[in-house]
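Architecture and fold: a report
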Amino acid sequence: MKTFTARPTDIAHDWYVVDATDVPLGRLASTVAQLIRGKHKPTFTPHMDGGDFVVVINASKVRLTGNKAQGKTYFKHTGYMGHESHTPAGELLAKHPDRVIEKAVFGMLPKNSLARQKLRTKLKVYGGAEHPHEAQQPTPYAVTTAKVD
C-alpha cells in the first residue's frame with residue numbers, strides 16, 4: 001500500500017459561498033478553515049495548497065454567543081511603550097465585520113507560511129450580501145448550526 005501525495009496538476013480549486021447570517025462565529029470559522037485547507041477532500045496533503053476559495057457574505061450578521069460582544073476583546077500593539085488598544089468584539093463587528101471572521105479563521109489554521117498564504121488568497125469576506133465573484137460561479141455551502149451531542 002502506497003501513500004498518496006497530491007501533485008500540483010492533481011489539485012482542483014473550487015469556489016464556495018458561505019452565508020454567515022445567524023451562524024455562531026466559531027462554527028463558521030472552523031468550517032471555513034477546513035474548506036481553505038482542503039481537509040474535506042480525499043486528496044488532502046498537508047504541505048500542498050489543495051484548498052478551495054471561500055467567499056463569506058453577510059459577515060456583519062454573524063452571531064456572537066453569550067456575553068462575547070462585550071467580554072471578548074481584540075488586542076493590538078503599535079510597538080511603542082503604552083500604545084496598546086483593546087477593542088470589544090461587538091465594536092469591531094460593527095466597524096469591520098470582515099476582520100472578526102479573518103481573525104477567527106486564522107486562529108484555526110496552523111501557524112506557518114502556507115496557512116498565511118491561504119488566508120490571504122483564498123478567503124474573501126464581505127459585510128453585505130453582494131460580492132464581486134459571480135464570474136467564478138461559487139457553490140453555496142451550508143454551515144450546520146445544530147449542536148452535536
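Residues numbered from 1 in each chain as written. Predicted model: local features only at pLDDT ≥ 70, side-chain atom pairs only at ≥ 80, totals over all residues. Heavy atoms only, no water.

**Some points on the overall build of the chain**
For clarity, the threshold we go by: Counting from the N terminus, the helices are DSSP H or I runs at least four residues long and the strands are E runs at least two residues long. Classification of residues uses two cut-offs on accessible area relative to the type maximum, computed with a 1.4 Å probe and protein chains only: under 20% is buried, over 50% is exposed, and between them is partly exposed. Reported accessibility uses the Shrake-Rupley method at a 1.4 Å probe radius. Residues are deemed covered only where the shown protein chains occlude them.
Each helix and strand in the chain was counted, giving 5 helices and 6 strands. Along the chain, helices (α) and strands (β) appear in the sequence β-α-β-α-β-β-α-α-α-β-β when read from the amino end. Oriented by its inertia axes, the alpha-carbon framework of the chain measures out at about 55 × 40 × 35 Å. Within the chain, buried positions represent 38% of all 149 residues. Accessible surface for the chain amounts to roughly 9400 Å². Of this, 53% is attributable to carbon and sulfur atoms.

**Observations concerning the side chain of Lys-118**
The following threshold applies: His is not counted here, nor are the chain ends, while Lys and Arg score as positive and Asp and Glu score as negative. The term salt bridge refers to a side-chain nitrogen of Lys or Arg lying within 4 Å of a carboxyl oxygen of Asp or Glu. The contact criterion used is simple: two residues touch if any of their non-hydrogen atoms lie within 4.5 Å.
You can see Lys-118 is positioned in helix α5 (residues 113-122). No salt bridge is formed by the buried Lys-118; its nearest oppositely charged neighbour, Asp-49, is found at 4.4 Å. Residues contacting Lys-118, with those up to four places away along its chain left out, are Ile-36, Arg-37, Met-48, Asp-49 and Leu-123.

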